[in-house]
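Secondary and tertiary structure notes
Residues per chain are reported as follows:
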Amino acid sequence: MRQAHAGVWGQGRGQNLTRFDIYRKVPKDLTQPTYTGAIISICCCLFILFLFLSELTGFITTEVVNELYVDDPDKDSGGKIDVSLNISLPNLHCELVGLDIQDEMGRHEVGHIDNSMKIPLNNGAGCRFEGQFSINKVPGNFHVSTHSATAQPQNPDMTHVIHKLSFGDTLQVQNVHGAFNALGGADRLTSNPLASHDYILKIVPTVYEDKSGKQRYSYQYTVANKEYVAYSHTGRIIPAIWFRYDLSPITVKYTERRQPLYRFITTICAIIGGTFTVAGILDSCIFTASEAWKKIQLGKMH
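Residues numbered from 1 in each chain as written. Predicted model: local features only at pLDDT ≥ 70, side-chain atom pairs only at ≥ 80, totals over all residues. Heavy atoms only, no water.

Looking at an unreviewed UniProt entry, one finds the chain named Endoplasmic reticulum-Golgi intermediate compartment protein, with Ursus maritimus as its source organism. Quoted verbatim from the Sequence similarities (unreviewed entry) field of UniProt, the annotation for the chain is "Belongs to the ERGIC family." Recorded in UniProt for the chain, the comment headed Function (unreviewed entry) runs: "Plays a role in transport between endoplasmic reticulum and Golgi." (UniProt positions renumbered as here; feature names shortened; annotations may be inferred.)

Examined at the domain level, the chain breaks down into domain 1 (36–60 + 260–289) and domain 2 (70–257). The centre of domain 1, based on its C-alpha atoms, is set 57 Å off from the matching centre of domain 2. (Domains from an automatic or database assignment.)

Let us now look at the side chain of Asp 198. Considering the arrangement of structural elements, one finds Asp 198 in strand S10 (residues 196–209). Of note is the side chain of Asp 198, whose polar atom sits 3.0 Å from the side chain of Arg 244. When sequence neighbours within four positions are dropped, the list of residues in contact with Asp 198 reads Ala 224, Asn 225, Lys 226, Tyr 228, Trp 242 and Arg 244. (Helix = DSSP H or I, 4+ residues; strand = E, 2+ residues; numbered from the N terminus. Polar contact = N/O pair within 3.5 Å; in protein donor to acceptor, adjacent residues only side chain to side chain. Contact = heavy atoms within 4.5 Å.)

Let us look at the side chain of Arg 107. Counting through the fold element by element, Arg 107 comes out in the loop between strand S3 (98–103) and strand S4 (108–109). Within the structure, the side chain of Arg 107 is placed 3.1 Å from the side chain of Glu 109, a separation counted as a polar contact. What Arg 107 contacts, discounting residues up to four positions off in sequence, is Ile 101, Gln 102, His 112, Ser 134, Ile 135 and Asn 136.

Among the nonpolar cores identified, the biggest contains 33 residues, and Phe 142, Leu 165, Phe 167 and Phe 243 are the most heavily contacted of them. Every element with two or more residues in this core is listed here: strand S2 (80–89), S3, strand S6 (126–136), strand S7 (140–145), strand S8 (161–168), S10, strand S11 (215–228) and strand S12 (241–247). Other than its neighbours up to four places away in sequence, Leu 165 contacts Val 83, Ser 84, Leu 85, Phe 142, Phe 180, Asn 181, Leu 183, Leu 201, Tyr 221 and Phe 243. (Core = buried A, V, L, I, M, F, W, Y, C linked by side-chain atoms within 4.5 Å. Buried < 20%, exposed > 50% of the residue type's maximum accessible area, 1.4 Å probe, protein only.)

Per the UniProt entry, the sites bearing "transmembrane region" (unreviewed entry) are residues 34–53 and 261–282 in this numbering. Across residues 34–53, the secondary structure splits into 95% helix and 0% strand, with the terminal C-alpha atoms separated by 29 Å. Span residues 261–282 is 100% helix and 0% strand, its end C-alpha atoms 32 Å apart.

The subject of this paragraph is the pattern of salt bridges. Taken as a whole, this structure holds six salt bridges when the rule is applied. With a closest N to O distance of 3.1 Å, Arg 107 and Glu 109 form a salt bridge. The salt bridge involving Lys 253 is made with Glu 209; its shortest N-O contact spans 3.1 Å. Here Lys 253, found in strand S13 (residues 250–257), pairs with Glu 209, found in strand S10; they are 44 residues apart in sequence, far enough to count as distant. (Salt bridge = Lys/Arg side-chain N within 4 Å of Asp/Glu carboxyl O.)

Another point: the state of the cysteines. In the structure shown here, the tally under the stated rule is one disulfide. With its sulfur 2.4 Å from that of its partner, Cys 94 forms a disulfide with Cys 127. Sign of the S-S torsion, about 100° for the bond between Cys 94 and Cys 127, identifies this disulfide as right-handed. Of this pair, Cys 94 sits in the loop between S2 and S3 while Cys 127 is found in strand S6, placing the two residues 33 residues apart along the sequence. On the accessibility criterion, Cys 94 (12% relative accessible area) is buried. Here Cys 43 stays free of any disulfide, with the sulfur of Cys 44 as its closest cysteine sulfur at 8.7 Å. The class of Cys 43 is partly exposed, set by a relative accessible area of 47%. (Disulfide = S-S within 2.5 Å.)

Here you go:
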């Protein structure tokens, strides 16, 4: 007896619960498959698959977002910027080549030799200078010249090729195309041998932050150049290759981002629900129009 009452109570409880079902089922014998409905269903599934694969590609792909702000990003650098210079002078002996550094903080260094290397070219007739040094974060210049030579040559030839000039860390990121080595490949071999060269650089601080939050600090720069013949107070021509720089107050930041999982799931749900809704409306319109047309044709026959 108790079991019978329990069964009735359970059945009544189940019926009460089913009243909250908003997805009511229609028996199959009350539905009618149509040719147009099948075509719309197939197109609908293909469209959903296409959009799903597109969203999946965007979800697994890392996006690089850039922003601009005014600040010094690398406050732990001690007010210094690392510089890497690689330049060839095919018609100037290595003992004559030197690097001089000056800036507005009073630094004046002639013949900088730390972390630098001179490689003879053309059987000793030329020289390739490779150096790594630091500059202060104030306007200044560094230049390749014969100023540090013991004896000044009569006609120093300053024709050159710049292989590399970069500031800060080297960024090799596929999605970032910046002017980190804007002077790389600059060829001045056909210029006046006695001419001085002025490269005016505007250095832009750049930060790259990966997905883990690790930041790397580098610098992009724009460049303008001019060529002229300079004379000393004695009337001699003393050419040099000048790199005059100034820093931009604006910092460019690149940040790696990936689409959140919740946004991907929301988008997929919207695609599936929206596509089926639109397809259902389209199928209903076509079916209604088809039935109306049939009734019109039957009316004409009678």
